[in-house]
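Commentary on secondary and tertiary structure
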Amino acid sequence: MNWDDTPEQAAFREEVRAFVAERFPASYRPAVDEEQSLEPEDVAGYNWPVDRVADDPGRREGAREWAAALAERGWIAPHWPAEYGGAGLSPLEEFVLHEEMMRARVPVVNGIGAFLLGPTLLVHGTEEQKARHLPPIAAGRAAWAQGFSEPGSGSDLASLRTRAVRDGDDYVVDGQKVWTSLGQYADWLFVLVRTDPDADKPHRGITFLLVPADAPGVTIRPITDIRGAAPFCEIFFEGVRVPVADRVGEENRGWYVAMSALGFERAGIGATIKYEQALAELTAYLRSPGGRRFARTTPALRQEIARRRTEVRVLYNLARYTVSRQAAGDEPDFEASINQLFGAELHQRLARTGARVFGRSAALWERDGAPLNAVFTHMRRDSVASTFLGGTTEIQRNVIATRGLNLPRG
(Lines give C-alpha, C1' and ligand atoms only; values in the text may rest on other atoms or scores of the structure.)
Protein backbone atom coordinates (compact mmCIF):
# COMPACT_ATOMS: atom_id res chain seq x y z
CA MET A 1 0.00 0.00 0.00
CA ASN A 2 1.15 3.57 -0.65
CA TRP A 3 1.57 5.49 2.58
CA ASP A 4 2.89 8.66 0.94
CA ASP A 5 1.15 11.83 2.11
CA THR A 6 -1.45 13.40 -0.09
CA PRO A 7 -0.84 17.15 -0.69
CA GLU A 8 -3.39 17.90 2.04
CA GLN A 9 -1.71 15.55 4.54
CA ALA A 10 1.73 16.99 3.71
CA ALA A 11 0.43 20.50 4.36
CA PHE A 12 -1.10 19.39 7.65
CA ARG A 13 2.17 17.72 8.66
CA GLU A 14 4.00 21.02 8.14
CA GLU A 15 1.30 22.81 10.13
CA VAL A 16 1.84 20.45 13.07
CA ARG A 17 5.61 20.90 12.96
CA ALA A 18 5.25 24.68 12.96
CA PHE A 19 2.76 24.54 15.84
CA VAL A 20 5.06 22.39 18.02
CA ALA A 21 8.05 24.63 17.31
CA GLU A 22 6.07 27.75 18.21
CA ARG A 23 3.85 26.65 21.09
CA PHE A 24 5.68 23.97 23.07
CA PRO A 25 6.62 25.72 26.36
CA ALA A 26 10.34 26.39 26.68
CA SER A 27 10.04 25.81 30.43
CA TYR A 28 8.56 22.34 29.99
CA ARG A 29 11.66 20.17 29.92
CA PRO A 30 12.16 16.40 30.25
CA ALA A 31 12.35 15.03 33.76
CA VAL A 32 15.88 14.84 35.13
CA ASP A 33 14.75 11.76 37.03
CA GLU A 34 14.01 9.37 34.17
CA GLU A 35 12.11 7.12 36.57
CA GLN A 36 9.19 9.46 35.86
CA SER A 37 9.04 8.05 32.32
CA LEU A 38 6.64 5.25 33.08
CA GLU A 39 4.42 4.49 30.13
CA PRO A 40 5.23 3.20 26.63
CA GLU A 41 3.61 6.33 25.18
CA ASP A 42 5.94 8.67 27.06
CA VAL A 43 8.70 10.43 25.15
CA ALA A 44 12.02 11.90 26.27
CA GLY A 45 11.22 11.81 29.98
CA TYR A 46 7.79 13.42 29.78
CA ASN A 47 4.67 12.01 31.39
CA TRP A 48 1.84 14.50 31.19
CA PRO A 49 -0.53 13.01 33.83
CA VAL A 50 2.36 13.07 36.32
CA ASP A 51 3.76 16.41 35.18
CA ARG A 52 0.48 18.30 35.54
CA VAL A 53 0.54 17.68 39.32
CA ALA A 54 4.33 17.73 39.78
CA ASP A 55 5.91 19.40 42.82
CA ASP A 56 8.18 21.38 40.49
CA PRO A 57 6.19 24.56 39.64
CA GLY A 58 7.92 25.04 36.28
CA ARG A 59 7.19 21.50 35.18
CA ARG A 60 3.62 21.65 36.46
CA GLU A 61 2.83 24.93 34.73
CA GLY A 62 4.61 23.81 31.56
CA ALA A 63 2.40 20.72 31.38
CA ARG A 64 -0.73 22.80 31.84
CA GLU A 65 0.40 25.42 29.34
CA TRP A 66 1.05 22.70 26.75
CA ALA A 67 -2.41 21.23 27.38
CA ALA A 68 -3.99 24.66 26.93
CA ALA A 69 -2.14 25.18 23.63
CA LEU A 70 -3.31 21.82 22.27
CA ALA A 71 -6.85 22.42 23.52
CA GLU A 72 -7.03 25.66 21.53
CA ARG A 73 -6.74 23.60 18.36
CA GLY A 74 -8.85 20.69 19.60
CA TRP A 75 -5.73 18.53 19.40
CA ILE A 76 -5.96 16.82 22.79
CA ALA A 77 -8.81 14.75 21.35
CA PRO A 78 -8.35 15.52 17.65
CA HIS A 79 -10.77 12.89 16.32
CA TRP A 80 -13.70 14.02 18.48
CA PRO A 81 -16.47 16.27 17.16
CA ALA A 82 -15.91 19.99 17.75
CA GLU A 83 -18.99 20.17 20.02
CA TYR A 84 -17.08 18.15 22.64
CA GLY A 85 -13.77 20.02 22.29
CA GLY A 86 -12.21 18.00 19.49
CA ALA A 87 -11.05 19.06 16.06
CA GLY A 88 -13.03 16.61 13.95
CA LEU A 89 -9.86 15.33 12.28
CA SER A 90 -9.95 12.24 10.12
CA PRO A 91 -8.15 9.12 11.40
CA LEU A 92 -5.30 9.76 8.94
CA GLU A 93 -4.93 13.38 10.07
CA GLU A 94 -4.90 12.25 13.69
CA PHE A 95 -2.20 9.72 12.81
CA VAL A 96 -0.08 12.46 11.21
CA LEU A 97 -0.56 14.70 14.26
CA HIS A 98 0.60 12.06 16.74
CA GLU A 99 3.42 10.88 14.51
CA GLU A 100 4.83 14.40 14.31
CA MET A 101 4.44 14.98 18.04
CA MET A 102 6.31 11.77 18.76
CA ARG A 103 9.04 12.64 16.28
CA ALA A 104 9.38 16.05 17.94
CA ARG A 105 9.59 14.27 21.33
CA VAL A 106 6.79 16.22 22.93
CA PRO A 107 4.11 14.48 24.98
CA VAL A 108 0.52 13.81 24.06
CA VAL A 109 -1.98 15.02 26.64
CA ASN A 110 -4.63 13.02 28.49
CA GLY A 111 -3.89 9.75 26.73
CA ILE A 112 -6.20 7.36 28.62
CA GLY A 113 -9.11 9.79 28.74
CA ALA A 114 -8.74 11.02 25.17
CA PHE A 115 -7.91 7.75 23.42
CA LEU A 116 -9.68 5.07 25.48
CA LEU A 117 -12.60 6.48 27.43
CA GLY A 118 -13.53 9.27 25.02
CA PRO A 119 -14.06 7.09 21.93
CA THR A 120 -15.92 4.59 24.13
CA LEU A 121 -18.32 7.26 25.38
CA LEU A 122 -18.86 8.53 21.85
CA VAL A 123 -20.06 5.04 20.90
CA HIS A 124 -21.80 3.87 24.09
CA GLY A 125 -22.34 6.91 26.33
CA THR A 126 -25.52 8.90 26.93
CA GLU A 127 -25.80 12.50 25.79
CA GLU A 128 -25.51 13.63 29.42
CA GLN A 129 -22.35 11.57 29.93
CA LYS A 130 -20.78 12.99 26.77
CA ALA A 131 -21.64 16.56 27.72
CA ARG A 132 -20.34 16.10 31.27
CA HIS A 133 -17.11 14.21 30.69
CA LEU A 134 -15.80 14.87 27.20
CA PRO A 135 -15.16 18.66 27.33
CA PRO A 136 -12.98 18.49 30.50
CA ILE A 137 -10.89 15.73 28.90
CA ALA A 138 -10.51 17.72 25.67
CA ALA A 139 -9.46 20.77 27.68
CA GLY A 140 -6.84 18.90 29.71
CA ARG A 141 -8.71 19.51 32.97
CA ALA A 142 -9.54 15.88 33.85
CA ALA A 143 -7.32 12.80 33.80
CA TRP A 144 -8.67 9.24 33.76
CA ALA A 145 -7.41 5.77 34.67
CA GLN A 146 -8.66 2.32 33.68
CA GLY A 147 -9.81 -0.03 36.45
CA PHE A 148 -10.06 -3.43 34.79
CA SER A 149 -7.46 -5.91 36.12
CA GLU A 150 -7.80 -7.51 39.54
CA PRO A 151 -5.73 -9.90 41.65
CA GLY A 152 -6.29 -13.21 39.87
CA SER A 153 -8.24 -11.55 37.03
CA GLY A 154 -5.79 -10.00 34.63
CA SER A 155 -5.72 -11.84 31.34
CA ASP A 156 -8.89 -13.70 32.34
CA LEU A 157 -10.77 -10.44 32.76
CA ALA A 158 -14.19 -12.09 32.67
CA SER A 159 -13.43 -13.71 36.05
CA LEU A 160 -13.32 -10.34 37.85
CA ARG A 161 -14.91 -10.24 41.30
CA THR A 162 -15.34 -6.57 42.21
CA ARG A 163 -19.03 -6.47 43.08
CA ALA A 164 -21.66 -3.79 42.48
CA VAL A 165 -25.10 -4.19 44.07
CA ARG A 166 -28.00 -1.98 42.99
CA ASP A 167 -29.43 0.14 45.81
CA GLY A 168 -32.08 2.50 44.51
CA ASP A 169 -30.45 5.01 42.17
CA ASP A 170 -26.93 3.89 43.12
CA TYR A 171 -24.63 0.93 42.80
CA VAL A 172 -22.65 0.01 45.91
CA VAL A 173 -19.18 -1.17 44.85
CA ASP A 174 -16.82 -3.40 46.86
CA GLY A 175 -13.60 -5.02 45.65
CA GLN A 176 -10.07 -4.38 44.43
CA LYS A 177 -8.32 -3.40 41.21
CA VAL A 178 -4.60 -3.74 40.55
CA TRP A 179 -1.98 -2.68 37.97
CA THR A 180 -3.98 0.47 37.26
CA SER A 181 -1.68 2.71 35.21
CA LEU A 182 -1.21 6.14 36.82
CA GLY A 183 -4.36 5.75 38.88
CA GLN A 184 -2.82 7.77 41.69
CA TYR A 185 -2.78 10.80 39.38
CA ALA A 186 -6.31 10.40 38.00
CA ASP A 187 -9.42 12.44 38.70
CA TRP A 188 -11.79 9.71 37.45
CA LEU A 189 -11.75 5.94 36.95
CA PHE A 190 -13.67 3.79 34.49
CA VAL A 191 -14.24 0.46 36.17
CA LEU A 192 -15.63 -2.98 35.37
CA VAL A 193 -17.76 -4.53 38.11
CA ARG A 194 -19.81 -7.70 38.48
CA THR A 195 -23.53 -7.01 38.77
CA ASP A 196 -24.88 -10.51 38.08
CA PRO A 197 -22.83 -13.22 39.80
CA ASP A 198 -25.29 -15.89 38.55
CA ALA A 199 -25.01 -15.10 34.82
CA ASP A 200 -24.77 -18.20 32.61
CA LYS A 201 -21.47 -16.89 31.19
CA PRO A 202 -19.07 -14.75 33.26
CA HIS A 203 -18.73 -11.91 30.76
CA ARG A 204 -22.52 -11.44 30.65
CA GLY A 205 -22.73 -10.24 34.23
CA ILE A 206 -20.32 -7.30 34.02
CA THR A 207 -21.15 -3.57 34.06
CA PHE A 208 -19.07 -0.51 33.09
CA LEU A 209 -19.08 2.35 35.64
CA LEU A 210 -17.54 5.82 35.90
CA VAL A 211 -16.19 6.54 39.41
CA PRO A 212 -14.59 9.70 40.86
CA ALA A 213 -11.11 8.83 42.13
CA ASP A 214 -11.80 10.74 45.35
CA ALA A 215 -15.21 9.17 46.04
CA PRO A 216 -15.76 8.12 49.67
CA GLY A 217 -14.57 4.54 50.11
CA VAL A 218 -11.93 4.64 47.33
CA THR A 219 -8.33 3.99 48.51
CA ILE A 220 -5.41 4.19 46.04
CA ARG A 221 -1.95 2.77 46.80
CA PRO A 222 0.99 3.11 44.36
CA ILE A 223 2.93 -0.03 43.33
CA THR A 224 6.71 0.14 42.85
CA ASP A 225 8.01 -1.78 39.83
CA ILE A 226 11.31 -3.46 38.94
CA ARG A 227 12.88 -0.08 38.05
CA GLY A 228 11.97 1.57 41.35
CA ALA A 229 9.29 3.68 39.67
CA ALA A 230 5.59 3.69 40.54
CA PRO A 231 3.66 3.62 37.28
CA PHE A 232 0.84 1.47 38.68
CA CYS A 233 -1.40 1.36 41.70
CA GLU A 234 -3.91 -0.86 43.43
CA ILE A 235 -7.36 0.52 44.17
CA PHE A 236 -9.72 -0.61 46.92
CA PHE A 237 -13.49 0.00 46.84
CA GLU A 238 -15.31 -0.22 50.17
CA GLY A 239 -19.00 0.62 49.99
CA VAL A 240 -18.47 3.14 47.19
CA ARG A 241 -21.76 4.57 45.96
CA VAL A 242 -21.91 5.19 42.20
CA PRO A 243 -25.03 6.72 40.63
CA VAL A 244 -26.78 4.58 38.04
CA ALA A 245 -26.45 7.62 35.76
CA ASP A 246 -22.69 6.90 35.69
CA ARG A 247 -23.19 3.49 34.11
CA VAL A 248 -22.03 3.29 30.48
CA GLY A 249 -24.21 1.02 28.38
CA GLU A 250 -26.68 -1.47 29.78
CA GLU A 251 -26.37 -3.28 33.08
CA ASN A 252 -24.60 -6.64 32.63
CA ARG A 253 -23.44 -5.60 29.14
CA GLY A 254 -20.27 -3.80 30.19
CA TRP A 255 -18.02 -6.46 28.69
CA TYR A 256 -18.89 -5.26 25.20
CA VAL A 257 -18.26 -1.64 26.17
CA ALA A 258 -14.88 -2.66 27.58
CA MET A 259 -13.91 -4.48 24.39
CA SER A 260 -14.38 -1.21 22.50
CA ALA A 261 -12.04 0.55 24.92
CA LEU A 262 -9.39 -2.18 24.61
CA GLY A 263 -9.57 -2.00 20.83
CA PHE A 264 -8.77 1.71 20.94
CA GLU A 265 -5.96 1.05 23.45
CA ARG A 266 -4.13 -1.38 21.17
CA ALA A 267 -4.13 0.68 17.96
CA GLY A 268 -1.58 3.49 18.57
CA ILE A 269 1.54 4.82 16.78
CA GLY A 270 3.55 5.99 19.80
CA ALA A 271 5.66 2.89 20.44
CA THR A 272 6.70 2.68 16.80
CA ILE A 273 8.36 6.09 16.79
CA LYS A 274 9.92 5.48 20.20
CA TYR A 275 11.59 2.27 18.98
CA GLU A 276 12.66 3.89 15.72
CA GLN A 277 14.36 6.73 17.59
CA ALA A 278 16.04 4.39 20.08
CA LEU A 279 17.44 2.31 17.23
CA ALA A 280 18.67 5.40 15.38
CA GLU A 281 20.44 6.58 18.53
CA LEU A 282 22.04 3.17 18.97
CA THR A 283 23.31 3.17 15.39
CA ALA A 284 24.69 6.70 15.68
CA TYR A 285 26.40 5.84 18.97
CA LEU A 286 28.06 2.76 17.52
CA ARG A 287 29.61 4.93 14.82
CA SER A 288 30.96 7.44 17.38
CA PRO A 289 34.29 7.25 19.28
CA GLY A 290 32.43 6.35 22.47
CA GLY A 291 30.60 3.56 20.72
CA ARG A 292 33.76 2.06 19.33
CA ARG A 293 35.18 2.06 22.85
CA PHE A 294 32.26 0.70 24.90
CA ALA A 295 30.25 -1.42 22.47
CA ARG A 296 30.66 -4.47 20.27
CA THR A 297 29.88 -4.49 16.55
CA THR A 298 30.35 -8.04 15.35
CA PRO A 299 28.83 -9.14 12.02
CA ALA A 300 26.17 -11.07 13.92
CA LEU A 301 25.20 -7.98 15.93
CA ARG A 302 25.07 -5.82 12.82
CA GLN A 303 22.68 -8.32 11.27
CA GLU A 304 20.59 -8.31 14.44
CA ILE A 305 20.36 -4.51 14.39
CA ALA A 306 19.32 -4.67 10.74
CA ARG A 307 16.53 -7.11 11.67
CA ARG A 308 15.33 -4.76 14.38
CA ARG A 309 15.23 -1.90 11.85
CA THR A 310 13.15 -4.03 9.49
CA GLU A 311 10.78 -4.98 12.31
CA VAL A 312 10.29 -1.33 13.28
CA ARG A 313 9.23 -0.60 9.71
CA VAL A 314 6.85 -3.57 9.82
CA LEU A 315 5.30 -2.19 13.02
CA TYR A 316 4.91 1.22 11.39
CA ASN A 317 3.11 -0.36 8.45
CA LEU A 318 0.85 -2.32 10.77
CA ALA A 319 -0.11 0.94 12.49
CA ARG A 320 -0.77 2.60 9.14
CA TYR A 321 -2.91 -0.33 8.05
CA THR A 322 -4.95 -0.15 11.26
CA VAL A 323 -5.60 3.56 10.84
CA SER A 324 -6.55 3.00 7.21
CA ARG A 325 -9.24 0.61 8.43
CA GLN A 326 -10.45 3.28 10.84
CA ALA A 327 -10.51 5.78 7.98
CA ALA A 328 -12.78 3.36 6.13
CA GLY A 329 -15.22 3.45 9.05
CA ASP A 330 -14.18 0.27 10.90
CA GLU A 331 -13.47 0.04 14.64
CA PRO A 332 -10.08 -1.51 15.51
CA ASP A 333 -10.51 -5.24 15.98
CA PHE A 334 -8.00 -8.06 15.56
CA GLU A 335 -5.69 -5.70 13.59
CA ALA A 336 -5.14 -3.78 16.82
CA SER A 337 -4.21 -7.04 18.57
CA ILE A 338 -1.64 -7.73 15.86
CA ASN A 339 -0.13 -4.30 16.56
CA GLN A 340 -0.09 -4.91 20.30
CA LEU A 341 1.45 -8.38 19.99
CA PHE A 342 4.12 -7.48 17.45
CA GLY A 343 5.01 -4.22 19.21
CA ALA A 344 5.29 -5.83 22.66
CA GLU A 345 7.58 -8.60 21.46
CA LEU A 346 9.63 -6.14 19.39
CA HIS A 347 10.12 -4.03 22.52
CA GLN A 348 11.73 -7.01 24.22
CA ARG A 349 13.82 -8.01 21.19
CA LEU A 350 15.11 -4.46 20.79
CA ALA A 351 16.03 -4.26 24.47
CA ARG A 352 17.89 -7.57 24.27
CA THR A 353 19.76 -6.39 21.17
CA GLY A 354 20.95 -3.31 23.05
CA ALA A 355 22.06 -5.47 25.97
CA ARG A 356 24.10 -7.70 23.65
CA VAL A 357 25.73 -4.68 22.01
CA PHE A 358 26.88 -3.23 25.34
CA GLY A 359 27.86 -6.52 26.98
CA ARG A 360 28.80 -6.06 30.63
CA SER A 361 28.20 -2.31 30.34
CA ALA A 362 24.50 -3.11 29.84
CA ALA A 363 24.34 -3.81 33.60
CA LEU A 364 25.07 -0.14 34.42
CA TRP A 365 21.89 1.45 35.76
CA GLU A 366 23.05 4.96 36.66
CA ARG A 367 22.94 7.14 33.56
CA ASP A 368 25.99 9.25 34.38
CA GLY A 369 29.02 7.51 32.90
CA ALA A 370 27.05 4.68 31.27
CA PRO A 371 27.32 4.24 27.50
CA LEU A 372 24.41 5.90 25.72
CA ASN A 373 23.12 7.04 29.13
CA ALA A 374 22.01 3.48 29.97
CA VAL A 375 19.03 3.83 27.61
CA PHE A 376 18.92 0.13 26.76
CA THR A 377 19.50 -0.93 30.36
CA HIS A 378 16.35 0.95 31.33
CA MET A 379 14.53 -0.28 28.24
CA ARG A 380 15.29 -3.89 29.12
CA ARG A 381 13.68 -3.60 32.54
CA ASP A 382 10.81 -1.61 31.09
CA SER A 383 10.22 -4.28 28.43
CA VAL A 384 9.73 -7.12 30.93
CA ALA A 385 6.05 -6.23 31.30
CA SER A 386 5.40 -5.52 27.62
CA THR A 387 3.95 -8.93 26.80
CA PHE A 388 1.18 -8.70 29.37
CA LEU A 389 0.38 -4.99 29.54
CA GLY A 390 -2.80 -4.26 27.59
CA GLY A 391 -3.47 -7.99 27.25
CA THR A 392 -1.03 -10.88 27.33
CA THR A 393 0.48 -12.33 24.16
CA GLU A 394 -1.69 -15.41 24.68
CA ILE A 395 -4.83 -13.26 24.75
CA GLN A 396 -3.73 -11.35 21.65
CA ARG A 397 -3.07 -14.59 19.77
CA ASN A 398 -6.49 -15.89 20.73
CA VAL A 399 -8.10 -12.68 19.43
CA ILE A 400 -6.17 -12.92 16.17
CA ALA A 401 -7.01 -16.62 15.78
CA THR A 402 -10.75 -16.34 16.48
CA ARG A 403 -11.60 -12.92 15.05
CA GLY A 404 -8.98 -12.64 12.31
CA LEU A 405 -8.55 -16.22 11.12
CA ASN A 406 -12.00 -17.56 12.14
CA LEU A 407 -10.42 -20.51 13.94
CA PRO A 408 -12.54 -22.37 16.50
CA ARG A 409 -12.09 -21.66 20.18
CA GLY A 410 -10.09 -24.26 22.06
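Note that this is a predicted model, so its numbers are computed, not measured.

**Some thoughts on the pattern of salt bridges**
According to the stated counting rule, one finds 28 salt bridges in the structure shown. Here Arg105 and Glu281 are joined by a salt bridge, their closest N and O atoms 2.7 Å apart. Note that Arg105 is positioned in the loop between α4 (91-103) and α5 (111-124) and Glu281 in helix α8 (residues 270-286), a separation of 176 residues in sequence. Residue classification places Arg105 among the partly exposed positions, given a relative accessible area of 32%. Overall, the relative accessible area of 29% leaves Glu281 in the partly exposed class. Among the charged side chains, a salt-bridge network with shared partners connects Asp5, Arg13, Glu14, Arg17, Glu99, Glu100, Arg103, Glu276 and Arg313.

**Some points on the nonpolar core**
Within the largest apolar cluster, 48 residues are counted, with the highest numbers of intra-cluster contacts made by Trp66, Phe208 and Leu210. Where this core is concerned, the elements lending two or more residues are α1 (7-23), α3 (57-73), α4, α5, α6 (127-138), β4 (188-194), β5 (206-212) and α7 (254-265). Core analysis: the next-biggest nonpolar cluster, separate from the first, contains 21 residues, Ala278, Tyr285, Val312 and Phe376 among them.

**Regarding the packing of α8 against helix α10 (residues 299-327)**
Here α8 crosses α10 at 155°, and the two axes come no closer than 9 Å. Our classification of the angle between α8 and α10 gives roughly antiparallel. With respect to the hand of their crossing, α8 and α10 are arranged in left-handed fashion. Here α8 contributes Thr272, Tyr275, Glu276, Leu279, Leu282, Thr283 and Leu286 to the contact with α10, which in turn contributes Ile305, Arg308, Arg309, Val312, Arg313, Leu315 and Tyr316. Residue composition of the contact of α8 with α10, grouped by class: 8 nonpolar, 2 polar and 4 charged.

**As for the environment of Phe19**
Mapped onto the elements of the fold, Phe19 is located in helix α1. With a relative accessible area of 5%, Phe19 lands in the buried category. On a C-alpha basis, the gap between Phe19 and Phe376 in space is 31 Å, while along the polypeptide they are 357 residues apart. Ignoring any residue separated from it by four or fewer positions in sequence, one finds Phe19 in contact with Phe24, Trp66, Ala69, Leu70, Arg73 and Trp75.

**Side note on the UniProt feature "domain: Acyl-CoA dehydrogenase/oxidase N-terminal" (unreviewed entry) in the protein chain**
As recorded in UniProt, the sites labelled "domain: Acyl-CoA dehydrogenase/oxidase N-terminal" (unreviewed entry) are residues 62-140. In this annotation, residues 62-140 is assigned 65% helix and 0% strand; the end-to-end C-alpha distance for the span is 13 Å.

What counts, and where the lines are drawn
Residues numbered from 1 in each chain as written. Predicted model: local features only at pLDDT ≥ 70, side-chain atom pairs only at ≥ 80, totals over all residues. Heavy atoms only, no water. Salt bridge = Lys/Arg side-chain N within 4 Å of Asp/Glu carboxyl O. Helix = DSSP H or I, 4+ residues; strand = E, 2+ residues; numbered from the N terminus. Buried < 20%, exposed > 50% of the residue type's maximum accessible area, 1.4 Å probe, protein only. Core = buried A, V, L, I, M, F, W, Y, C linked by side-chain atoms within 4.5 Å. Axes fitted to C-alpha atoms, helices over the stretch in contact; angles between N-to-C directions. Parallel < 35°, antiparallel > 145°, perpendicular 65-115°, else oblique. Left-handed = near helix turned anticlockwise from the far one by under 90°. Contact = heavy atoms within 4.5 Å. Nonpolar A, V, L, I, M, F, W, Y, C, P; charged D, E, K, R; others polar. UniProt positions renumbered as here; feature names shortened; annotations may be inferred.

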